[in-house]
Amino acid sequence: VQLVESGGGLVQPGGSLRLSCAASGSIFAINAMGWYRQTPGKQRELVALSTSGGSTNYADSVKDRFTISRDNAKNTVYLQMNSLKPEDTAVYYCNVRGTDTDYNYFGYWGQGTQVTVSS
C-alpha cells in the first residue's frame, strides 16, 4: 500500500489550504483515514480522523476551521484548512488503516507535507 500526499505550502494567516492523500495498492478495505501533524521537538498529534462508519473527530485546536472528507471510490482523504494560524505550521502526515487483499491489517503513513502559515 502506498500513500501520496499533496497540497502543502506557504500561506498567510487567515488563508486556506487543502491537503490530499491518495492510497493505492493491494487494498481490500479502509477502516480509518486521518491527518496528524508534527513540529520539531514535539510528538505527532492527531488533527482529524474519519472512520468507515462515517464519524469524524477533530483536535480542539482545529474544530470549526478544518474539515476532513473522503472519496471512498478513490481511496483518498482530504483536509480542508481554513482560517489558518501561525500555530498550524507543521509537517502534516496522513495515516490510513485497513485490510489488504490478503486480509492482513495494515497502517501506513504518508511522506509528510509542510504547511507554513506566515506573513
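Please read all numbers here as calculations on a predicted model, not as lab measurements. (Residues numbered from 1 in each chain as written. Predicted model: local features only at pLDDT ≥ 70, side-chain atom pairs only at ≥ 80, totals over all residues. Heavy atoms only, no water.)

Participant: Please give an account of the pattern of salt bridges that cites residues and values.
Facilitator: Scanning all chains against the criterion turns up four salt bridges. Here R37 ties to E45 by a salt bridge, and the two come within 2.7 Å at their closest N and O atoms. Given the relative accessible area of 6%, R37 is considered buried. Among the residues examined, E45 registers a relative accessible area of 37% and is labelled partly exposed. Here R65 ties to D88 by a salt bridge, and the two come within 2.8 Å at their closest N and O atoms. Separated by 23 residues along the polypeptide, R65 in the loop between β6 (56-58) and β7 (66-71) and D88 in the loop between β8 (76-81) and β9 (90-100) bring together distant segments of the chain. (Salt bridge = Lys/Arg side-chain N within 4 Å of Asp/Glu carboxyl O. Buried < 20%, exposed > 50% of the residue type's maximum accessible area, 1.4 Å probe, protein only. Helix = DSSP H or I, 4+ residues; strand = E, 2+ residues; numbered from the N terminus.)

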